[in-house]
Amino acid sequence: MADGIGEGAEFSPIEDAVMKALEDVIDPELGIDMVNLGLIYDIHVDDDGNCVVTMTLTTMGCPLGNLLADQINQAVTSVDGVTGCEIDLVWEPAWDMSKMSRFAKVALGIHG
């Protein structure tokens, strides 16, 4: 059954660029980037260059620290054409290890 996250329209070129930039934002606890961990659920950039990043964290008790929020903002606004960044932190659907890329699983020694 579809959960609606990440199943909308294809990303535009600027949204693809934002996703690529987010690969440079590393989770401080796991040492893997946010994209490969599967924490980025959606990206939307409107016609004015405002970007909304819909994401989650590995656990509800894990705060989105200022450092991580700043890194996400810097990565997103480094993309040509993006003028601002808003982080939409969601807990549904809950993150689990199945959302990680093969790269992240191998890097963390998870097989399956």
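Here is what the cut-offs are and how they apply
- Along each chain, numbering runs from 1 in the same order as the chain's sequence is written.
- It should be noted that, the model being predicted, local features are given only for residues of pLDDT at least 70 and side-chain atom pairs only at 80 or more, the latter also being counted only at that level, while totals for whole chains, interfaces and linings use all residues.
- Each side-chain value is worked out from all heavy atoms of the structure, with water and hydrogens disregarded.
- UniProt positions are given in the numbering used here, feature names are shortened, and annotations may be inferred rather than shown by experiment.
- Each helix is a run of DSSP H or I of at least 4 residues and each strand a run of E of at least 2, with the numbering of both proceeding from the N terminus.
- Residues grouped as a nonpolar core are buried Ala, Val, Leu, Ile, Met, Phe, Trp, Tyr and Cys residues, joined through side-chain atoms within 4.5 Å.
- Burial classification: accessible surface area is computed with a 1.4 Å probe over protein chains only, and a residue below 20% of its type maximum counts as buried, one above 50% as exposed, and the rest as partly exposed.
- We call two residues in contact when some of their heavy atoms are within 4.5 Å.
- Pairing between two strands requires that DSSP report at least two bridges joining them.
- By convention, orient the strands away from the viewer: a clockwise path from the first strand over the helix to the second makes the crossover right-handed.
- Interaxial angles span 0 to 180 degrees and are taken between N-to-C directions of axes, which are lines fitted to C-alpha atoms, for helices over the stretch in contact.

As annotated in an unreviewed UniProt entry, the chain carries the name Metal-sulfur cluster assembly factor and is attributed to Lactiplantibacillus argentoratensis.

Observations regarding the UniProt feature "domain: MIP18 family-like" (unreviewed entry) in the chain
UniProt's feature table lists "domain: MIP18 family-like" (unreviewed entry) at residues 15–87, given in the numbering used throughout. Secondary structure across residues 15–87 divides into 27% helix and 22% strand, with the first and last C-alpha atoms of the span separated by 14 Å.

A look at the nonpolar core
Core analysis: the largest hydrophobic core is formed by 28 residues, its most contacted members being Val18 and Leu22. Of all the secondary-structure elements, those providing two or more residues to this core are α1 (13–22), β1 (40–45), β2 (50–55) and α2 (66–77). When near neighbours in sequence (up to four residues on either side) are disregarded, Val18 contacts Ile43, Val45, Cys51, Val76, Val79 and Val82.

Digging into the pairing of β2
Relative to β2, β1 runs antiparallel, the two being bridged by five bridges. When the bridges of β2 are listed, Ile40 appears paired with Met55. Hairpin connection of β1 to β2: four residues between the antiparallel strands, including Gly49 at a positive phi of 90 degrees. By the bridge criterion, six bridges tie β2 to strand β3 (residues 84–89) in an arrangement that is parallel. Bridge assignment links Val52 to a residue of β3, and that residue is Glu86. For the crossover that starts at β2, traverses α2 and ends in the parallel β3, the hand is right-handed.

Some thoughts on the sheet that holds β1
Strand order in the open sheet made by the three strands is β1-β2-β3, with mixed pairing throughout. At either margin of the open sheet sits one strand with a lone partner, and together these are β1 and β3. Mean inter-strand twist for the sheet, computed between neighbouring axes without regard to direction, equals 15 degrees. Across the sheet, α1 lies against β1 and β2, angled at about 135 degrees from β1, the strand it touches most. Contacting β2 and β3, α2 runs over the sheet at an angle of about 135 degrees to β3.

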